[in-house]
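Here is how the chains run, residue by residue.
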Amino acid sequence: MNFAEETLGFVGCGVMGEAMIRGLLEKDALAARQIIAADPRAARLQELRERYGVRATADNVAAIREATVVVLAIKPQALPEVLPQLGNARNARLVLSIMAGVRLETIDSGPGGVAVVRAMPNTPAQIGQGITVWTANEATDEAGLALARELLRAFGEELYKQDEGALDMATALSGSAPAYIFLFMEALIDVGVHMGFARREAERLVLMSMSGSVAYAERSGLHPAELRNQVTSPGGTTAEALYQLERGGLRTVVAQAVWAAWQRSASLGGAATIRGLNGNG
């Protein structure tokens, strides 16, 4: 897709906003001059200018006014202040929100309004290895969907879902999954240290085992149960370890944790809506 006519205005430029900027520039999808980053912190603005060569401003309206695509990369609690400013996005044909838990209707101006896309990336997006689940409002046409898809590929892979409820599920499954995985990694490393490995050695053993297992699973195309069976000899050490994990209720605890995260995401997104596009404050 040709982005030559696009100008992206980032409202907020924290970890995920920067990840998108970095991904777009590394893929040569956009030139630095086509990106305007808005952030209230002067030091952060200078950092973005020096690191990426983008235009940077402390004025949200300045970024919004020129943008053909507005990227909302702020924390949800900052949204009430930003929403009325979106009325200045007169050149925008797409508003892309990567705010967790904020529903389309919260930033949607209604029928005939601006195209709005809501996306849920995850932490590996910072290195272009994430997966983003996203959806769009009814005002988003095929061209808008194609534009959003290409922009989100700056994060890694993407998955479009028509039902917005899928984003609550994605928040619990893929959005929070890195935290689950990091916790399991931490537990393995701690056990390694307890057995006698130096912490650096234990970290290396766990990290390489984790990344290698994922790469092998992707390449093999086999079901995880088949892969697990390949490693498990009858009466062996792995079989004993797996028995203890199952005995401790690992699957049940994981299911309960993800389910609780899903319910929490759904409840957080059920807050009262605020309308702000096209001057509807």
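Model, not experiment: these values are computed from the prediction.

Caption draft 1: Up close: the overall build of the chain. Along the backbone of the chain there are 12 helices and eight strands. Judged by the C-alpha coordinates and their principal axes, the chain covers about 70 × 40 × 30 Å. For the chain, the proportion of its 281 residues judged to be buried stands at 42%. Intrachain contacts of the chain at a sequence separation of at least 6 include 62% that bridge at least 24 residues.

Caption draft 2: Spatial organisation of the environment of A179. The residue A179 is located in helix α8 (residues 177-195) in this model. Relative accessible area serves as the criterion here: at 48%, A179 is assigned to the partly exposed category. The sequence separation of A179 and T123 amounts to 56 residues, and the corresponding C-alpha distance is 9.0 Å.

Caption draft 3: Main features of helix α7 (residues 165-175). All buried positions along α7 are accounted for by A166, L167, D168, A170, T171, A172 and S174. Its buried side turned inward, α7 meets β6 (116-120), β7 (130-136), α8 and α12 (250-268).

Caption draft 4: Local environment of the pattern of salt bridges. For the structure on display, the rule yields 16 salt bridges. Here E6 ties to R93 by a salt bridge, and the two come within 2.3 Å at their closest N and O atoms. Of this pair, E6 sits in the segment before β1 (8-11) while R93 sits in the loop between α4 (79-82) and β5 (94-97), and the two are 87 residues apart along the sequence. A residue is classified by how much of its surface remains accessible, and E6, at 7% relative accessible area, is buried. Salt-bridge contacts for R118 lead to E164; the nearest nitrogen and oxygen are separated by 2.9 Å. Linking R118 in strand β6 with E164 in the loop between β8 (156-160) and α7, this pair joins segments that are 46 residues apart in sequence. E164 matches R118 in its accessibility class, with the two residues each being buried. Members of the salt-bridge network, linked through shared partners, are E18, R22, R44, E47 and R51.

Caption draft 5: Just the layout of surface pockets, in detail. The computed volume of the second largest pocket comes to approximately 530 Å³. Considering the residues around the second largest pocket, the lining is formed by 23 residues, among which M16, I74, K75, I98 and A100 are closest to the centre. Looking at the lining of the second largest pocket, the elements with two or more residues in it are α1 (15-26) and α7. No other element matches the three residues that α1 contributes to the lining of the second largest pocket. Here the residues of the lining of the second largest pocket are counted per class, giving 11 nonpolar, nine polar and three charged.

Caption draft 6: Just the packing of α8 against helix α9 (residues 199-220), in detail. In the contact formed by α8 and α9, the axes pass within 9 Å of each other and the chain directions differ by 135 degrees. One finds that α8 runs oblique with respect to α9. Here α8 runs over α9; the crossing is right-handed. Contacts between α8 and α9 involve I181, F184, M185, L188, I189, D190, G192 and V193 from the former and R199, A202, E203, V206, L207 and M210 from the latter.

Caption draft 7: Highlighting the nonpolar core. In this structure, L8, M20, I21, V54, L94 and L151 are the most contacted members of the largest nonpolar core, which totals 35 residues. Considering each element in turn, this core owes the most residues, six residues, to α1. With near-sequence residues (within four places) excluded, L151 lies in contact with F3, L8, M20, L24, V69 and L94. By size, the runner-up hydrophobic cluster in this structure holds 19 residues, among which are A89, A92, V102 and L104.

Caption draft 8: Highlighting the pairing of strand β4 (residues 69-72). Here β4 shows no split at all, with V69 and V71 on one side and V70 and L72 on the other all buried. Two strands pair when backbone bridges link them, and β1 and β4 are joined in this way by four bridges, in the parallel orientation. For L8, the partnering residue across the bridge sits in β4 and is V69. For β4 and β5, the ladder comprises four bridges, and the chain directions are parallel. Among the inter-strand pairings, L72 is bridged to a residue of β5, identified as S97.

Caption draft 9: Representation of the sheet that holds β7. Strand order in the open sheet formed by eight strands is β3-β2-β1-β4-β5-β6-β7-β8, with mixed pairing between adjacent strands. Where the open sheet ends on each side, the last strands, each with one partner, are β3 (55-57) and β8. On average, each strand axis in the sheet is inclined to that of its neighbour by 20 degrees, with strand direction left out of account. Strands in contact with α1 are β1, β2 (35-38), β4 and β5; relative to β1, the strand with the most contacts, it is inclined by about 160 degrees. Contacting β6 and β7, α7 crosses the sheet at an angle of about 30 degrees to β6.

What counts and what doesn't
Residues numbered from 1 in each chain as written. Predicted model: local features only at pLDDT ≥ 70, side-chain atom pairs only at ≥ 80, totals over all residues. Heavy atoms only, no water. Helix = DSSP H or I, 4+ residues; strand = E, 2+ residues; numbered from the N terminus. Buried < 20%, exposed > 50% of the residue type's maximum accessible area, 1.4 Å probe, protein only. Contact = heavy atoms within 4.5 Å. Salt bridge = Lys/Arg side-chain N within 4 Å of Asp/Glu carboxyl O. 1 Å grid on protein atoms, 1.4 Å probe; cavity = no way out; pocket = protein on both sides within 12 Å on 5 of 7 lines; lining within 4 Å. Points joined across faces, edges and corners; volume = space filled by probe spheres on them. Nonpolar A, V, L, I, M, F, W, Y, C, P; charged D, E, K, R; others polar. Axes fitted to C-alpha atoms, helices over the stretch in contact; angles between N-to-C directions. Parallel < 35°, antiparallel > 145°, perpendicular 65-115°, else oblique. Left-handed = near helix turned anticlockwise from the far one by under 90°. Core = buried A, V, L, I, M, F, W, Y, C linked by side-chain atoms within 4.5 Å. Pairing = 2+ DSSP bridges.

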